[in-house]
Amino acid sequence: QCGLLFPFQGHGGFAGRTMLAEALPCLGDVLAAADYYQVYVLGGGPMSFTGKGEFLAAHGFNDLRGWEYWQARGFDRAPGHWGISDVETLAQVKKLVEEKQSSGTPFNITSLTVGSHIPGYSYPECTDFRDGSERYLNALHCADQIILEWITDLQNEGLLENTVLVVVGDHPVFSNPEMV
């Protein structure tokens, strides 16, 4: 968001007692100055997780959709997950892209999937990595499949015309027992 990785140790978060990057111009600030409507879609946790909602609101985002948003609209947590599945998150992002493209207003939709988060989450739509015995590698393989299918779908429907699509990770992976 701001062109650098914030110090992030475990569950500490990047915005808490004091707001990091308060004066640093971030992508949201630049796009807000250019009159972009900005939506953040988090299918997993609440917007309060690591101070994410406060941070994004301070940097130009108009519409923040965390777990509270999805729960209020009748979505259930995917079994064993933080919130809705990555498959559902990306389906909701696609609906937003369709809606915002028809508005004629410039927009930015930023989304965070959680399938590759420790300990790793896979979905029935995915095939296993090799023999399927390694949970985290299955999750990464699944994320690759889901994101590729989503991008291909957007492309095939003409939803990426006049669009810049950027796919990045939000932080390094912490060492854990699932990563043998």
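Enquirer: An account of the state of the cysteines is requested, with residue identities and associated values reported.
Expert: Counted according to the given criterion, the structure contains one disulfide. Between Cys-126 and Cys-142 runs a disulfide, and the two sulfur atoms are separated by 2.1 Å. Residues Cys-126 and Cys-142 are joined through a disulfide that is right-handed, its torsion about the S-S bond being 65°. You can see Cys-126 sitting in the loop between strand S3 (107-112) and helix H5 (135-156) and its partner Cys-142 sitting in helix H5, a full 16 residues away along the chain. Each member of the pair, Cys-126 as well as Cys-142, is classed as buried.

Enquirer: Can you break down the layout of surface pockets residue by residue, with the values?
Expert: Its volume calculated, the second largest pocket comes out at about 210 Å³. Lining the second largest pocket we find Val-87, Leu-90, Ala-91, Lys-94, Glu-125, Cys-126, Gln-145, Ile-146, Glu-149, Trp-150 and Asp-153. Of all the secondary structure elements, the ones that give two or more residues to the lining of the second largest pocket are helix H4 (86-103) and H5. Per-element tally for the lining of the second largest pocket: the top contributor is H5, with five residues. Counted by class, the lining of the second largest pocket contains six nonpolar, one polar and four charged residues.

Conventions and cut-offs
- Residues numbered from 1 in each chain as written.
- Predicted model: local features only at pLDDT ≥ 70, side-chain atom pairs only at ≥ 80, totals over all residues.
- Heavy atoms only, no water.
- Disulfide = S-S within 2.5 Å.
- Helix = DSSP H or I, 4+ residues; strand = E, 2+ residues; numbered from the N terminus.
- Buried < 20%, exposed > 50% of the residue type's maximum accessible area, 1.4 Å probe, protein only.
- 1 Å grid on protein atoms, 1.4 Å probe; cavity = no way out; pocket = protein on both sides within 12 Å on 5 of 7 lines; lining within 4 Å.
- Points joined across faces, edges and corners; volume = space filled by probe spheres on them.
- Nonpolar A, V, L, I, M, F, W, Y, C, P; charged D, E, K, R; others polar.

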